[in-house]
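Residues per chain, in single letters:
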Amino acid sequence: EDIVFGLGEANRGINKRGSLYTSFCTDDPIHTEEKVSLYGAHNLIIVSGKEIFGLFFDYPGALTFDIGYSHIDNMEIRCEDADLDLYEITGEDAYDITRQFRRMIGRSYIPPKFAFGYGQSRWGYKTREDFETVVNEYREHHIPLDLLYMDIDYMDDYKDFTVNTENFPDFKAFTAQMKEQGIHLIPIIDAGVKIEEGYDVYEEGIAGGYFCKKKNGEPFEACVWPGLTHLPDFLDPKAREWFGSKYKRLLDAGIEGFWNDMNEPAIFYSPKGRDELLSYLDGYGDDRNAFDHEELHARVHGLANSPKDYRDFYHDVNGKKIRHDKVHNLYGSNMTRAASEAFARYAPDKQILMFSRSSYIGMHRYGGIWMGDNRSWWSHLLLNLKMLPSLNMCGFLYIGADLGGFGADTTEDLLLRWLALGVFTPLMRNHSALGTREQECYRF
Ligand code: GLC
């Protein structure tokens, strides 16, 4: 009858017993039931039954949990390297253990008050007019709106810390005008920095040696939305300070919050992976029908977030080189830490909104999270609800999911139900993917 609580952002119900889980932050937009990894790594479990105890595995690499899957009464937790800190927490009950754990890991991030309001987001808003239309429609329909999220299209060619000047000729005036109407603009920041001569963030990163490097010392290349990018080495305190300082540009333009994305880090493909695929194709010459269809399928699908790529670059941690896959689960958290530490430097008297897609326990001190690319499925509304208490146990309080569902087309009844739950989630944001049905409340 024992119940196993924990694991924060993970599949299944609040009782984790009976299944497999792997803590390895993963950009996977299809959260079906069999998936073992989502975007976060939250290695806390609490066993509550005849015996009651909590276990926290402070371990930055891949960690697998077999919680009564192979045998309903056994639990097996495996790591690759022996370097793991294990905390055992004893207490009266699960609540008591959670309380102690929360005390141990430190106080949770508190957002500005406006961040508890309702926010509208959609991947695809591009111009100043697009944003103004959303505000006007909400106002005309007398539906409250407090935040408006800016997805990647506000940037110039998806370059971090730039704003497209054609679409926003005077960005500062725009943020001021929105603020006058009670709207807080919240732009996205992605982990990868576009490789482009003349782009100052790229050039500074190269000059300072702030990007993750391959064994031979060259910066590692990863393809994401902007095309080829370099990944800032957020585990290096100097790189963290440098990247954090870039947020100041947007703070100076009147921005009061951000969402950090693609920070597992997500990799569509690496040039090495791409070239291996191309030379495999070349190996077949002109006979296109000669391909081994299964192998081709596996190779194409294996390009994204490949374990090979995660073994191909290194972090510089206080002068020590550490292979990325060994500390993979700390990457997104340290991006968010970079931002949070910068906010303390540049806006010490202000609360800045910050939430991230990828996270590790401890990041709850720097920001909140959203639950990533869910879909407009009723089962995901339930999953959203079930993840909330598990995340709270791990210290994450400012949390929420894309209301209405990110991928796939929503329906009016599903959106309504999701909004009804969203009222009770601190992060209350309607967000959807490019190409899906438009789901701002006024569309219905
Ligand atoms: C990722 C994010 C999603 C965002 C999209 C485009 O899929 O999870 O929220 O809209 O990238 O930036």
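These lines cover the structure that appears in this document, whether it is placed above or below.

Thresholds applied
- Residues numbered from 1 in each chain as written.
- Predicted model: local features only at pLDDT ≥ 70, side-chain atom pairs only at ≥ 80, totals over all residues.
- Heavy atoms only, no water.
- Helix = DSSP H or I, 4+ residues; strand = E, 2+ residues; numbered from the N terminus.
- Rg over C-alpha atoms; globule rule 2.2 N^0.38 Å.
- Buried < 20%, exposed > 50% of the residue type's maximum accessible area, 1.4 Å probe, protein only.
- Contact = heavy atoms within 4.5 Å.
- Areas by Shrake-Rupley, 256 points an atom, 1.4 Å probe, with all protein chains shown as cover.
- Pairing = 2+ DSSP bridges.
- Axes fitted to C-alpha atoms, helices over the stretch in contact; angles between N-to-C directions.
- 1 Å grid on protein atoms, 1.4 Å probe; cavity = no way out; pocket = protein on both sides within 12 Å on 5 of 7 lines; lining within 4 Å.
- Points joined across faces, edges and corners; volume = space filled by probe spheres on them.
- Nonpolar A, V, L, I, M, F, W, Y, C, P; charged D, E, K, R; others polar.
- Salt bridge = Lys/Arg side-chain N within 4 Å of Asp/Glu carboxyl O.

**A few points about the overall build of the chain**
Then, number 1: On a plain count of helices and strands, the chain comes out with 11 helices and 23 strands.
Then, number 2: Taking 22 Å as the expected radius of gyration for a compact globule of 444 residues, we find that the chain reaches 22 Å, a close match to that expectation.
Then, number 3: By principal-axis analysis of the C-alpha atoms, the chain measures approximately 60 × 60 × 50 Å.
Then, number 4: Taken across its 444 residues, the chain has 55% of its residues classed as buried.
Then, number 5: Of the contacts formed within the chain by residues at least 6 apart in sequence, a portion of 73% connects residues at least 24 apart.
Then, number 6: Surface summary for the chain: the accessible area is close to 19400 Å², and the carbon and sulfur share equals 51%.

**A closer look at the sheet that holds strand β18 (residues 353-356)**
Then, number 1: Read from one edge of the open sheet, nine strands run β21-β20-β18-β15-β11-β10-β9-β23-β22, paired in parallel fashion. Every other strand in the sheet has two partners, leaving β21 (399-400) and β22 (402-403) as the edge strands with one partner each.
Then, number 2: With two bridges joining them, β18 and strand β20 (residues 368-370) adopt parallel strand pairing. Its bridge partner lying in β20, S356 is registered against I369.
Then, number 3: Where helix α2 (residues 128-140) meets the sheet, its contacts fall on β9 (118-120), β10 (147-150) and β23 (428-430), and the angle it forms with β10 comes to roughly 155°.

**Regarding the layout of surface pockets**
Then, number 1: Each pocket or cavity is described by its volume, and for the largest pocket that value is around 760 Å³.
Then, number 2: Every residue lining the largest pocket is counted, 30 residues in all, and those nearest its centre are D58, Y59, P60, L330 and Y360.
Then, number 3: Every element with two or more residues in the lining of the largest pocket is listed here: β5 (52-58), β8 (85-90), α1 (94-105), α5 (237-252), β17 (320-323) and α9 (331-346).
Then, number 4: Take the lining of the largest pocket: its biggest share by element is three residues, from α9.
Then, number 5: Here the residues of the lining of the largest pocket are counted per class, giving 17 nonpolar, four polar and nine charged.

**Brief notes about unusual backbone geometry**
Then, number 1: For the bond from E264 to P265, the omega torsion is -5°, close enough to zero to count as cis.
Then, number 2: Relative to the elements of secondary structure, P265 occurs in the loop between β15 (257-261) and α6 (271-282).
Then, number 3: Here L7, not a glycine, exhibits a phi torsion of approximately 65°, which is positive.
Then, number 4: Its location among the elements puts L7 in the loop between β1 (3-6) and β2 (19-23).
Then, number 5: Backbone geometry places R12, a non-glycine residue, at a positive phi of 75°.

**Description of the environment of G257**
Then, number 1: Inspection of the secondary structure assignment puts G257 in strand β15.
Then, number 2: We classify G257 as buried; its relative accessible area is 0%.
Then, number 3: Separated by 146 residues in the primary sequence, G257 and P111 have C-alpha atoms spaced 9.2 Å apart.
Then, number 4: The contact partners of G257, leaving out residues within four places of it in the chain, are L185, I186, P187, I352 and L353.

**Topic: the pattern of salt bridges**
Then, number 1: Counted by the stated rule, this structure contains 29 salt bridges.
Then, number 2: The partner of K326 in a salt bridge is D81, and the shortest N-O contact between them spans 3.2 Å. A residue pair is termed long-range when its members are at least 10 positions apart, and K326 in the loop between β17 and α9 and D81 in the loop between β7 (75-79) and β8 qualify at 245 residues.
Then, number 3: Judged by relative accessible area, K326 falls into the partly exposed class, the value being 29%.
Then, number 4: Residue R429 pairs with D402 through a salt bridge whose shortest N-O separation is 3.1 Å. Placement of the pair is R429 in strand β23 and D402 in strand β22, with a sequence separation of 27 residues.
Then, number 5: Accessibility expressed as a relative area gives 0% for D402, which makes it buried.
Then, number 6: By sharing partners, the salt bridges in this structure join D27, D261, E264, R357 and D373 into a single network.

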